[in-house]
Amino acid sequence: MDGEKLFGILNDGSEIKEYKLFNGNGAQINIINYGAIVKNIIVKDRNNRFDDIVLGYDTLEGYLNDKTFQGAVAGRYANRIKGGKFDLDGTVYQLEQNEGKNHLHGGSEGFFKKIWKAEPVESNKGKSIKLTYLSKDGEAGYPGNLKVTVTYTLTENDELIIVYEGISDKTTLFNPTQHSYFNLSGDFAKNIENHLLMINAENYTPVDEESITTGEIVPVENTPFDFRQIKEIGKDINADHPQLKIGKGYDHNWVLNGYDGSLKSAALLIDPESGRKMEVMTDMPGLQFYSGNHLNPEAQGKKGTPMNFRTGLCLETQFFPDSPNKKNFPQAILQAGVKFKSTTVYRFTVD
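Residues numbered from 1 in each chain as written. Predicted model: local features only at pLDDT ≥ 70, side-chain atom pairs only at ≥ 80, totals over all residues. Heavy atoms only, no water.

Check the secondary structure of the protein and you find two helices and 27 strands. For 351 residues, the compact-globule estimate of 2.2 N^0.38 gives 20 Å, and the C-alpha radius of gyration of the protein, at 19 Å, lies within 12% of that figure. The principal-axis extents of the C-alpha atoms in the protein amount to approximately 55 × 50 × 40 Å. Buried residues in the protein amount to 58% of all 351 residues. Partitioning the contacts of the protein with sequence separation of at least 6, the portion at a separation of at least 24 is 66%. Accessible surface, the protein as shown: approximately 14000 Å² in total, 47% of it carbon and sulfur. (Helix = DSSP H or I, 4+ residues; strand = E, 2+ residues; numbered from the N terminus. Rg over C-alpha atoms; globule rule 2.2 N^0.38 Å. Buried < 20%, exposed > 50% of the residue type's maximum accessible area, 1.4 Å probe, protein only. Contact = heavy atoms within 4.5 Å. Areas by Shrake-Rupley, 256 points an atom, 1.4 Å probe, with all protein chains shown as cover.)

Below, the structure is given as structure tokens:
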């Protein structure tokens, strides 16, 4: 970790700090200990110009008022749980219903609204910061005192490595993810429809009218959801397909090929104009591609730029949405006393 500074002060007097990681290539990543938020990712383009490539805010107030999870760690359970209900070992738990009747991203006061303890850690891979939070038994309705750590590392190969760890004193659910909105052009006034995307998945999980997974696992072949070969995001995003109408674009989980718990390539994103490329690697079974369909132009982002429709996209590594209620999906159950560990890597290169 290469420096910290005061980013803002909450009403209760709590100080929110900003931490900077950088490497020998000039890449830089800024983290704040509110929401474990990735505030900036600054990497070069093919002309060695450095730009910030994640949406967000210049002030703490922006993040406090944000309703789109900008740059944050979502949890305990990222994505949606139908009715906010699940049965665990014969006990039915009722979570907060913060998206209509459903539960989204850990509730209205999920990980993204918490103050995390931050500390630098030594790593042979690069500069690292470890953030820790204790999610208490009953928080948002979840069982168990869950100790969570998220470690961000910036390597000399321009990789952002994210390691999630958790341990609970009761069996619970745990499905954290990173919710950065990427725009590889570095120009947040541009939308992301001209970005090229490949997702290493033969199947995806369709959703109902409330964006809850139906339980089906459906081939992407001959649908707008086929990203097995790299293609422009805008090519099919407005196609006459019922799944695209539900979310006003892409907001779906892809079933990653060959899931076995080991780190594998999940996706590749390219901005043809700048030449920036981002590969996503994960040991998780699913990837949520969200094309920023509900960004709010009333929200003033960095440098006062409005967060317009589709000006950023998310690639969230995860267990499948609503997996507690879909027994055919890989399960996000964390047994009491058993340590959870998962790794996601965003690797930045230029073409």
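There's more to say after this.
Residues I41, Y152, I199, W254 and F289 are the most contacted members of the largest nonpolar core, which totals 65 residues. For this core, the element with the most residues is strand β13 (residues 146–155), which contributes five residues. Residues in contact with F289, not counting those within four places in the same chain, are L197, I199, F227, I233, Y250, D251, H252, W254, L313, C314 and L315. Judged by nonpolar contacts, the second largest core, of 21 residues, contains A72, Y181, F188 and Y290. (Core = buried A, V, L, I, M, F, W, Y, C linked by side-chain atoms within 4.5 Å.)

The next subject is the side chain of K302. By the element assignment, K302 lies in the loop between β24 (286–290) and β25 (314–318). Separated by 2.6 Å, the side chain of K302 and the backbone oxygen of V54 make a polar contact. Residue contacts for K302: discarding those within four places in its chain leaves K39, N40, D52, V54, L55, G56, Y57, D58, Y63 and F188. (Polar contact = N/O pair within 3.5 Å; in protein donor to acceptor, adjacent residues only side chain to side chain.)

It is worth spelling out the pattern of salt bridges at this point. For the coordinates displayed, the defined rule picks out 22 salt bridges. One salt bridge connects E159 with R347, and the closest N-O pair in it is separated by 2.9 Å. Of the two residues, E159 sits in strand β14 (residues 159–168) while R347 sits in strand β27 (residues 340–350), which places them 188 residues apart along the sequence. Exposure remark for E159: the relative accessible area of 11% places this residue in the buried category. Between K245 and D240 there is a salt bridge, with its nearest N and O atoms 2.6 Å apart. Here D240 falls in the exposed class, since its relative accessible area comes to 66%. Here the salt bridges do not stand alone but share partners, grouping E4, E15 and K17 into one network. (Salt bridge = Lys/Arg side-chain N within 4 Å of Asp/Glu carboxyl O.)

Turning next to the sheet that holds strand β4 (residues 37–44). Taken together, five strands build an open sheet; the order of strands is β1-β2-β3-β4-β5 and the sheet is antiparallel. Pairing within the sheet leaves two strands with one partner each, and these edge strands are β1 (4–9) and β5 (50–52). When strand polarity is set aside, the average angle formed by the axes of neighbouring strands in this sheet is 20 degrees. Relative to strand β3 (residues 28–32), strand β2 (residues 15–22) is paired through five bridges, and the arrangement is antiparallel. Bridging across to β3, E18 finds its partner in I32. (Pairing = 2+ DSSP bridges. Axes fitted to C-alpha atoms, helices over the stretch in contact; angles between N-to-C directions.)

Ordered in space as β11-β12-β13-β14-β27-β23-β22-β17-β20, the nine strands form an open sheet in which the pairing is antiparallel. Whereas interior strands pair on both sides, the edge strands pair on one side only; in this sheet they are β11 (117–121) and β20 (231–232). As paired strands, strand β17 (residues 196–199) and strand β22 (residues 264–270) are joined by four bridges and run antiparallel to one another. Each residue of the ladder has a partner; that of L197, found in β22, is L269.

Looking at the element boundaries, I31 is found in strand β3. Taking the relative accessible area as the measure of exposure, I31 reaches 0% and is therefore buried. As a C-alpha pair, I31 and Y259 span 228 residues in sequence and 30 Å in three-dimensional space. Beyond its immediate sequence surroundings of up to four residues, I31 is in contact with K17, E18, Y19, I37, V38, K39, I129, L131 and Y152.

So, about the packing of aromatic side chains. Under the definition given, this model contains 22 aromatic pairs. Ring geometry for F225 versus Y250: centroids 5.5 Å apart, planes at 85 degrees, classification edge-to-face. Placement of the pair is F225 in the loop between β19 (218–219) and β20 and Y250 in the loop between α2 (242–247) and β21 (251–256), with a sequence separation of 25 residues. Seen in terms of ring centroids, Y250 and W254 are 6.2 Å apart; in terms of plane orientation they differ by 55 degrees. Their pairing is tilted. Y250 gets classed as buried once you look at its relative accessible area, which sits at 0%. One aromatic cluster is present, formed by Y204, F225, F227, Y250, W254 and F289 through successive ring pairs. (Phe/Tyr/Trp six-rings, centres within 6.5 Å; stacked < 30°, edge-to-face > 60°.)

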